[in-house]
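Observations on the three-dimensional arrangement
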Amino acid sequence: MPFPPTADPGHPSRPALRVALYQPDIAGNVGTILRTAACLGIGVDLIEPMGFAFSDRALARAGMDYIGHVPVTRHVDWTAFEAAVTGRIVLFTTAGASRLPEARFAVGDILLFGAESTGVPADVHDRADCRVRIPLRSGLRSLNIAASAAIGMAEALRQINAWPA
């Protein structure tokens, strides 16, 4: 089966959505996000530096045996990622102005998630075209990044009607 099942109609070889991880800290979370993206037909951008060595061994420890099923692009830093961006950047953040139920997604969007320990710096926050937060019960800080990414991917796919067959 050719990749991706959820393609951008204007560019059939490109996924309809991408997930970008800004300097992720934890290999296990990246492995979980890569597996989810593989299953849903979503590409992934990894913005370095990362808090772990990105290697087959690190991915194997994270349980990531789906690497061959997801297009992964590594960027040496934020500047390199920004130069490669062709879609709208939708930052998921606890400081997001838009609640997820009100956010509107489009084909070509890049769902950006910050590092587990620090999020994203102010310049990255300011660069985002849209800032979205997942509503949580009062008094609770945040979700795990892999859970947040799965929720974001699911809602974006639902809105653009691009779920795999």
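Residues numbered from 1 in each chain as written. Predicted model: local features only at pLDDT ≥ 70, side-chain atom pairs only at ≥ 80, totals over all residues. Heavy atoms only, no water.

Thoughts on the sheet that holds strand E7 (residues 98–99)
- Spatial strand order, E5-E4-E3-E8-E6-E9-E7: seven strands in an open sheet with parallel pairing. The strands lining the two open edges of the sheet, one partner per strand, are strand E5 (72–75) and E7.
- Pairing analysis gives four bridges linking strand E4 (residues 43–47) to E5, with the strands arranged parallel. Along E5, the bridge assignment pairs leucine 46 with arginine 74.
- Sitting on the sheet, helix H5 (residues 145–160) is in contact with strand E3 (18–22), strand E6 (89–92) and strand E8 (110–113), with an inclination near 165° to E8. (Pairing = 2+ DSSP bridges. Helix = DSSP H or I, 4+ residues; strand = E, 2+ residues; numbered from the N terminus. Contact = heavy atoms within 4.5 Å. Axes fitted to C-alpha atoms, helices over the stretch in contact; angles between N-to-C directions.)

A word on the nonpolar core
- Core analysis: the largest hydrophobic core is formed by 35 residues, its most contacted members being Phe92, Phe105, Leu111 and Met153.
- Secondary structure elements with two or more residues in this core: E3, helix H1 (27–40), E4, E6, E8, strand E9 (130–133) and H5.
- With 13 residues, the next largest nonpolar core counts Tyr22, Ile89, Leu91 and Ile110 among its residues. (Core = buried A, V, L, I, M, F, W, Y, C linked by side-chain atoms within 4.5 Å. Buried < 20%, exposed > 50% of the residue type's maximum accessible area, 1.4 Å probe, protein only.)

Here we look at the pattern of salt bridges
- This model, assessed by the stated rule, comprises seven salt bridges.
- Between aspartate 45 and arginine 18 there is a salt bridge whose closest N-O contact spans 2.6 Å. Remark: arginine 18 occurs in strand E3 and aspartate 45 occurs in strand E4; sequence separation between them is 27 residues.
- We note a salt bridge from arginine 127 to aspartate 129, for which the minimum N-O separation is 3.4 Å. (Salt bridge = Lys/Arg side-chain N within 4 Å of Asp/Glu carboxyl O.)

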